[in-house]
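Residue-level structural notes
Okay, here's what each chain looks like letter by letter:
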Amino acid sequence: MEAIQEHKGLVYPLNRTNVDTDQIIPKQFLKRIERTGFGKFLFYHWRFDDDGNERADFGLNKPAYQDATILLAGENFGCGSSREHAPWALLDYGFRVIIAPSFADIFYNNALKNGIIPIQLDESLLKQWMRQAEESALVLDVDLEGQRIVDGHEHEVHFDIPAFHKEKLLNGLDEIALTLKLEKKIEAYEKALGK
Amino acid sequence: MARPETIVSKIWNKHVVHQEAGKPDLMYIDLHLVHEVTSPQAFESLSLNNRKVRRPDLTYATMDHNVPTKDRDVVKDQIANKQMETLRQNCKDHDIPLADMAHPDQGIVHVIGPQLGLTQPGKTIVCGDSHTSTHGAFGALAFGIGTSEVEHVLATQTLQQEQPKTLNVHVEGDLGPGVTAKDLILAIIAKFGVRFGTGYVMEYTGDAIRNLSMEGRMTVCNMSIEAGARAGLISPDQKTIDYLEGKEYVPEGAAFTELADSWLNLATDEGAVYDKTVTINAAEIEPQVSWGTNPGMCVPVSGATPSLDDVDHREDVKRALEYMGLKENQPMTSIAIDHVFIGSCTNSRIGDLKKAAAIVEGKQVNPQVRAIVVPGSFGVKLEAEKEGLDTIFKQAGFEWRESGCSMCLGMNDDIVPPAGRCASTSNRNFEGRQGNGARTHLVSPEMAAAAAIEGHFVDVRKFAGVPN
């Protein structure tokens, strides 16, 4: 996993609640055995019509959002299936930060494991940025170390993130390697419980 | 006396391998279920890092998401075929037992776990699939994980997990005749919303839950994830023990008696404290039909689609109605369907098929409807055939298929066409779930069967053939 300390980028506002992982990456793309190359299928049926042409009315297709790397979304982002293809698609497309009032549990975990920063923020704060990003280009500067987001209007917002998640993101730590350091404890547990 | 504990806390405490302040617990996993779609990248990364599968004997694989449900001799979809071939090779390389497509134990992973007795009370069970919550029906702590976590479990047989909060979903009273476990869980999600379980493990309690069959309990726990909870469970009781006795992977004789006692001791103690409790009265629940694009968008069959003036999130409701091709205030019984799917990890067990068969017996599927039945496992299919259910379905005009996930998510050929409308016994009515542009209405097997005959939704309680 690639480490991430700070990220400054253009915001794409997806003003919808309960965006499920079937919308983020539809099932027909889950048959691949690779981890990469899912970006072109992100939000597939929202971005493309039945003939594969871009839908002009879907925000992400608009020229203004072409370089977006920060996604703003409504409540319960990433609900539904456990498919890690969802964060793979978001990351491959170019998103490094997702900000929403709430996330589905499995998606939140999956995002963290792939070096995406999922930031939970109060809806009232988000609404303002959502509106701004809909009206004109909004750039946010996300400082993970300092747990703050700064917008171009010198508006600064603090966010919470569990310390151990933060540490893993900051250092791009390999969770399996960390666990394997405790292998003796795992062995002892198995022995004691006859597993 | 010891402090009263919930079943979640009892299971958790027995599985902590390592604890450190400020960090998640390292938790042991007793059973890791694997399928073809969410595992290839995990095995690949394992090999790249020269790591081995720590406990192949606690791992069990099957193929369910991709598999065709007819003409299985040749898998025409080459990409799907490669994914299945990859699982075969990975299981071979790592000595993992595999119920391959032609194996007698093949089936939907959440159907075969309980059927084989791999699923047992008190176990920690994970799988790269969000409906792993199904196994909670047996008093196991079971939840879905992503592919990175699949890899973590393969390599270490553990997961780093924060101890979840507990949510008591208390169901008072009892369900009326013709009202099923599916209606109960749909009504719960409709009442409390699609995210009320986020961050929690839900425990279902109360008379209505005790009175459900094990299959009904599986249907309820299966959809915990649709309420936001990664896991939902039910304290074990005599029904749990009776169901598991004699299953292939369950010990026999004195060992079973001892195990059964330990299972009963797992039940939540009288007076244990939950982080949150919600209550619903089962007697007030009617058969349900979903109208929108998430499982919370659901009403009683006597109801109608919402009025835009009465809802929060008006834009989302408007979008959902548009996608579904419905108007506001439209009675559910006025909605005509053209597809019926009876299957999925929610409702494809023998009891589900029996109840649906009782409704369609001697009747004919409406000529405008294409209806399919997909048994949850090869074992369920054989049992159904032994009882003649296949004949009942086929004579009524249903297609009778091989087992798999099938039209629940349409990863194989079983899809609903664009703008097609399906009465489905599955768990998700998301946009495009059953096929691009497909419109899904979630219902019980009985309601799906009745809709197949009538060509539109009907209150199954007023339908001839409904078992009392």
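Within each chain, residue numbers correspond to sequence positions counted from 1 in written order. Whichever chain is written first becomes A and whichever ligand is written first becomes 1, with later ones labelled in order. Per-residue local features of the predicted model are confined to residues with pLDDT of at least 70, and side-chain atom pairs are confined, for both listing and counting, to 80 or more; whole-chain, interface and lining totals are unaffected and use all residues.

We now examine the overall build of chain B. To qualify as a helix, a DSSP run of H or I must reach at least 4 residues; to qualify as a strand, a run of E must reach at least 2; elements of each kind are numbered from the N terminus. The secondary structure content of chain B amounts to 15 helices and 19 strands. To get the radius of gyration, use the C-alpha atoms; to get the globule rule, take the number of residues to the power 0.38 and multiply by 2.2 Å. The globule rule puts the C-alpha radius of gyration for 468 residues at 23 Å, and the 21 Å found for chain B is close to it. Overall, chain B is about 55 × 55 × 50 Å in size when its C-alpha atoms are taken along their principal axes. Looking at the 468 residues of chain B, the share that counts as buried comes to 60%. Remark: residues whose backbone-derived C-beta atoms lie within 7 Å of one another are considered to be in contact. Considering only contacts within chain B whose residues lie at least 6 apart along the sequence, 76% involve residues at least 24 apart. Residues are called buried when their C-beta atom has 20 or more other C-beta atoms within 10 Å, exposed when it has 12 or fewer, and partly exposed otherwise; all C-beta atoms are positioned from the backbone.

Let us look at the domain arrangement of chain B. Residues and elements named next belong to chain B. Note: domain ranges come from an automatic or database domain assignment. Considered domain by domain, chain B is made up of domain 1 (7–162 + 243–262), domain 2 (165–236 + 268–284) and domain 3 (288–462). Between the C-alpha centres of domain 1 and domain 3 there is a distance of 28 Å. Counting residues at the interface gives 19 residues for domain 1, matched by 20 residues for domain 3. Across the side of domain 1 that touches domain 3, the residue classes tally to six nonpolar, nine polar and four charged. Classes in brief: Ala, Val, Leu, Ile, Met, Phe, Trp, Tyr, Cys and Pro nonpolar; Asp, Glu, Lys and Arg charged; the others, Gly included, polar.

Below, the discussion takes up the pairing of strand β3 (residues 97–100) of chain A. All names here are of chain A. Neither face of β3 is left uncovered, since the one carrying Val97 and Ile99 and the one carrying Ile98 and Ala100 both have all their residues buried. Here strand β2 (residues 68–73) runs beside β3; their pairing, made up of three bridges, is parallel. Directly across from Ile70, in β3, lies its bridge partner Val97. In this fold, the crossover linking β2 to β3 by way of helix α3 (residues 85–93) has right-handed handedness. Whether two strands pair comes down to DSSP finding at least two bridges between them. Bridge count for β3 against strand β4 (residues 117–120) is four bridges, and the pairing is parallel. For a crossover, the right-handed case is the one in which the path from the first strand over the helix to the second runs clockwise, viewed with the strands pointing away from the viewer.

Let us now look at the pairing of strand β3 (residues 31–34) of chain B. Residue and element names in this part refer to chain B. Where burial is concerned, the two faces of β3 agree: the one with Leu31 and Leu33 and the one with His32 and Val34 are both buried. Bridge count between β3 and strand β6 (residues 124–127): three bridges; the pairing is parallel. Among the inter-strand pairings, Leu31 is bridged to a residue of β6, identified as Ile125. Two strands pair when backbone bridges link them, and β3 and strand β4 (residues 59–62) are joined in this way by three bridges, in the parallel orientation.

Contacts between chain B and chain A engage 51 residues on the former and 40 residues on the latter. Elements with a minimum of two residues in the side of chain B that touches chain A: β1 (16–18), β2 (25–28), α2 (40–48), α3 (78–93), α5 (147–156) and β8 (158–161) of chain B. Per-element accounting of the side of chain B that touches chain A gives the leading share, six residues, to α5(B). The residue inventory of the side of chain B that touches chain A, partitioned by class, reads 15 nonpolar, 26 polar and ten charged.

Strands in a sheet are paired, the pairing made by backbone hydrogen bonds, and the direction either parallel or antiparallel. Strands sit in the order β5-β4-β3-β6-β7 (chain B) across an open sheet of five strands; the sheet is parallel. Of all strands in the sheet, those with a lone pairing partner are β5 (98–99) and β7 (141–144) of chain B, marking the two edges.

What follows deals with the packing of α2(B) against α5(B). Residue and element names in this part refer to chain B. Between α2 and α5, the shortest axis-to-axis distance is 8 Å and the interhelical angle comes to 50 degrees. Classed by the angle they form, the pair α2 and α5 counts as oblique. At the point where α2 passes α5, the crossing takes the right-handed sense. Contact residues: α2 offers Gln41, Ala42, Ser45 and Leu46, while α5 offers Thr147, Val150, Glu151, Leu154 and Ala155. Angular values range over 0 to 180 degrees, each being the angle between N-to-C directions of two axes fitted as lines to C-alpha atoms, with helices fitted over their stretch in contact. Each angle gets one of four labels, with under 35 degrees taken as roughly parallel, over 145 as roughly antiparallel, 65 to 115 as roughly perpendicular, and the rest as oblique. Two helices crossing with the near one rotated counterclockwise from the far one by less than a right angle form a left-handed crossing, whereas a clockwise rotation gives a right-handed crossing.

Let us now look at α5(B). Residue and element names in this part refer to chain B. With respect to burial, α5 is a largely interior element, ten of its ten residues being buried. Of all the positions in α5, only Thr147, Ser148, Glu149, Val150, Glu151, His152, Val153, Leu154, Ala155 and Thr156 are classed as buried. At the exit of α5 stands Gln157, carrying a positive phi of roughly 60 degrees.

What follows concerns the environment of Gly22(B). Looking at where Gly22(B) falls in the secondary structure, it is placed in the loop between β1 and β2. For the pair Gly22(B) and Glu162(B), spaced 140 residues apart in sequence, the C-alpha separation works out to 9.9 Å. With residues near it in sequence (within four places) discarded, Gly22(B) still touches Ala163(A) and Phe164(A).

Side chains three or four residues apart in an α-helix point the same way, a direct result of the helix having 3.6 residues per turn. Residues and elements named next belong to chain B. Most of helix α15 (residues 445–454) sits inside the fold, with nine of its ten residues counted as buried. Along α15, the residues classified as buried are Pro445, Glu446, Met447, Ala448, Ala449, Ala450, Ala451, Ala452 and Ile453. The elements touched by buried residues of α15 are β13 (288–290), β15 (339–342), α12 (350–360), β16 (370–373) and β18 (421–424).

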